[in-house]
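Chain by chain, the residues run as shown.
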Amino acid sequence: MSSTEEIIGRSEVNDLEAILAITNTDVDALVHTVKDNADAIFTWDYEKGARPALNKLYEKAKNAQWNGETDLPWDTDVDQEKVVLANAAANGQSEMDLSGTCFEHWGDKEWLQLGIESQNWTLSQFMHGEQGALICTAKIVETVPWIDAKYYASTQVMDEARHVEVFAKYLDEKLSGHYPINAHLRMLLDDIIEDSRWDMTYLGMQIMVEGLALAAFGFMHNLTTEPLLKQLLRYVMSDEARHVAFGVLSLKEFYAELDAKEIRERQEFAFEAAVRMRDRFLQQEVWDRMGVPVKEAVSLVMATPEQQVFQAMLFSKIVPNCKKLGLLDAADGWLRKKFTELGVIMFEDWADTGEEYDQFALGQEVPAVS
């Protein structure tokens, strides 16, 4: 059994100084290399349909392909300042007494710029995460031993390429700047890619990263007033729900065969991934660019009801999916205790994505995330 410090590098999950001490040290690099330690697996068993749930998912994926270049209204005019103001007016914000804080002398100009920077940062991290998914899914094609899973994963490689493409295009043509990858997100992606076990790629990417992305995209889809971004997110979510379901359907079968020690290793990996993803949403790079003390700014923002709801809602897909896989209550409920510490256990009885992915199909109403 590993301690919290051995798993995430600090003894206290909410140690803000330790969280903020992790930064991206090569922001100007154009290439980042990670050692992939996995074996590429050929299978000579070509029986299609041996796993009916995966075959059904594969057939849906083939019929659900869309073209990011032609299916989205790229001629939509996006005035970023107007969008920030419209979003603020539509969603409201709680009032805080900012006297004596780093925001004390901020006026409309600074708050507007914060909204712009936050949007640039958020979409940049979505883009980087989608490239991580692109690489990880290509790895799944190589490493998973089942032909049905290889077939489906190959469709997801195309999906992820399309997601990277549309987020990059939106950032380049409609917004006003990029941010480098957040250090916490990069650490997690590195861990997923470096692990030699094929199911860890599934757990880290399909269940944890994609599960959080599905919730985050849904949250932003609800909040944005910008029609192009709303439609872009809707298209991406239709793919993401299948991706998460792919992880749930594949790992449920595999985890039924693992012993207690192997399951505990998966629980610890899920906990580490959860903490890394939560930490990446503190937007420390934005506060640094805005020229305010990062620790003070993060502490103030984390105290707002809106941010607390957002941080919790990010796990609305992850927790029920981990329960479906049997990870919550194995090993005397170790992961249940950890998710309780993170304040997200209340989602355990929400629908798992293996059951609800059809609801995200294009043409359906987006399932509520709040």
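I will try to describe carefully the structure that is included in this document.

Parameters and conventions
Residues numbered from 1 in each chain as written. Predicted model: local features only at pLDDT ≥ 70, side-chain atom pairs only at ≥ 80, totals over all residues. Heavy atoms only, no water. 1 Å grid on protein atoms, 1.4 Å probe; cavity = no way out; pocket = protein on both sides within 12 Å on 5 of 7 lines; lining within 4 Å. Points joined across faces, edges and corners; volume = space filled by probe spheres on them. Helix = DSSP H or I, 4+ residues; strand = E, 2+ residues; numbered from the N terminus. Nonpolar A, V, L, I, M, F, W, Y, C, P; charged D, E, K, R; others polar. Buried < 20%, exposed > 50% of the residue type's maximum accessible area, 1.4 Å probe, protein only. Lys, Arg positive; Asp, Glu negative; His and termini not counted. Salt bridge = Lys/Arg side-chain N within 4 Å of Asp/Glu carboxyl O. Contact = heavy atoms within 4.5 Å. Polar contact = N/O pair within 3.5 Å; in protein donor to acceptor, adjacent residues only side chain to side chain. Axes fitted to C-alpha atoms, helices over the stretch in contact; angles between N-to-C directions. Parallel < 35°, antiparallel > 145°, perpendicular 65-115°, else oblique. Left-handed = near helix turned anticlockwise from the far one by under 90°. Patch = residues over 30% accessible without salt bridge, like charges linked within 9 Å, V, L, I, M, F, W, Y side chains within 5 Å. Areas by Shrake-Rupley, 256 points an atom, 1.4 Å probe, with all protein chains shown as cover.

**Quick word on empty space enclosed by the protein**
Regions of empty space are outlined by a rolling probe, equal in size to a water molecule, passed over the atoms.
Here is step 1: In this structure the tally under the stated criterion is one cavity of 30 Å³ or more.
Here is step 2: Here the largest cavity is characterised by a volume of approximately 60 Å³.
Here is step 3: Mapped by element, the contributors of at least two residues to the lining of the largest cavity are helix H5 (108-143) and helix H8 (198-223).
Here is step 4: Counting residues per element, the lining of the largest cavity draws most heavily on H8, which supplies five residues.
Here is step 5: Looking at the lining of the largest cavity residue by residue, the classes come out as five nonpolar, two polar and three charged.

**Structural notes on unusual backbone geometry**
Here is step 1: A positive phi angle, near 55 degrees, is found at Gln-283, a position not held by glycine.
Here is step 2: On the secondary structure map, Gln-283 appears in the loop between helix H10 (260-280) and helix H11 (284-289).
Here is step 3: With a relative accessible area of 15%, Gln-283 lands in the buried category.
Here is step 4: Its identity as a non-glycine residue notwithstanding, Asp-332 has a phi of 60 degrees, on the positive side.
Here is step 5: The exposed category is assigned to Asp-332, whose relative accessible area is 72%.

**Digging into the layout of surface pockets**
Here is step 1: Taken as a whole, the largest pocket encloses approximately 1,600 Å³ of empty space.
Here is step 2: Elements supplying a minimum of two residues to the lining of the largest pocket: helix H4 (80-91), H5, H8, helix H12 (294-302) and helix H13 (305-313).
Here is step 3: When residues of the lining of the largest pocket are assigned to their parent elements, the largest contribution, nine residues, is made by H5.
Here is step 4: The computed volume of the second largest pocket comes to approximately 620 Å³.
Here is step 5: In terms of lining, the second largest pocket is formed by 21 residues, of which the most central are Leu-30, His-32, His-128, Gln-131 and Ile-181.
Here is step 6: Taken together, the elements giving at least two residues each to the lining of the second largest pocket come down to H5 and helix H7 (183-194).
Here is step 7: Its residues assigned to classes, the lining of the second largest pocket shows eleven nonpolar, seven polar and three charged.

**Focus: the side chain of Glu-226**
Here is step 1: Within the secondary structure, Glu-226 sits in the loop between H8 and helix H9 (227-255).
Here is step 2: Of the side chains bearing the opposite charge, Lys-174 lies closest to the buried Glu-226, which forms no salt bridge; the N-O distance is 7.7 Å.
Here is step 3: Once residues lying within four places of it in the same chain are set aside, the contact partners of Glu-226 are Thr-76, Val-78, Val-83 and Tyr-170.

**What to know about the pattern of salt bridges**
A side chain of one charge can pair with a side chain of the opposite charge if their charged atoms are brought near each other.
Here is step 1: Tallied over the full model, the rule gives 31 salt bridges.
Here is step 2: Residues Asp-195 and Arg-197 are paired through a salt bridge, measuring 2.8 Å at the closest nitrogen-oxygen approach.
Here is step 3: Of the charged contacts, one joins Glu-341 and Lys-338 as a salt bridge, the two residues approaching to 3.8 Å between their closest N and O atoms. Of the two residues, Glu-341 and Lys-338 both sit in helix H15 (residues 330-341), three residues apart, roughly one turn of that helix.
Here is step 4: Residues joined in a network through salt bridges with shared partners are Asp-195, Arg-197, Asp-199, Lys-261, Glu-265 and Arg-266.

**Comments concerning the side chain of His-128**
Here is step 1: By the element assignment, His-128 lies in helix H5.
Here is step 2: The class for His-128 is buried, based on a relative accessible area of 18%.
Here is step 3: A distance of 2.8 Å separates the side chain of His-128 from the backbone oxygen of Tyr-179, its partner in a polar contact.
Here is step 4: For His-128, the residues in contact, after removing those within four places along its chain, are Tyr-179, Pro-180, Ile-181, Leu-185 and Leu-189.

**With respect to the packing of helix H3 (residues 52-63) against H9**
Here is step 1: Viewed as axis vectors pointing N to C, H3 and H9 meet at an angle of 165 degrees, and their least axial separation amounts to 10 Å. Classified by the interaxial angle, the pair formed by H3 and H9 is roughly antiparallel. Between H3 and H9 the crossing geometry is left-handed. Each of Ala-53, Leu-54, Leu-57, Lys-60 and Ala-61 in H3 lies in contact with H9, whose residues at this interface are Arg-242, Ala-245, Phe-246, Leu-249 and Ser-250.
Here is step 2: Along the lines of polarity and charge, the residues of the contact of H3 with H9 split into seven nonpolar, one polar and two charged.

**Brief notes about the environment of Leu-185**
Here is step 1: Following the sequence through the fold, Leu-185 ends up in helix H7.
Here is step 2: A relative accessible area of 2% means that Leu-185 is categorised as buried.
Here is step 3: As a C-alpha pair, Leu-185 and Glu-47 span 138 residues in sequence and 37 Å in three-dimensional space.

**Here we look at the packing of H5 against helix H6 (residues 147-174)**
Here is step 1: In contact at an axis separation of 8 Å, H5 and H6 are set at 160 degrees when each is read in the N-to-C sense. Viewed along their axes, H5 and H6 adopt a mutual orientation that is roughly antiparallel. Here H5 and H6 pass one another in a crossing that is left-handed.
Here is step 2: Tallied by class, the residues present in the contact of H5 with H6 amount to 16 nonpolar, eight polar and four charged.

**Section: a nonpolar patch on the surface**
Here is step 1: Among the surface-exposed residues, Phe-42, Trp-44 and Tyr-46 lie close enough to one another that they form a single nonpolar patch of about 480 Å² accessible area.
Here is step 2: Here Tyr-46 lies in the loop between helix H2 (16-20) and H3.

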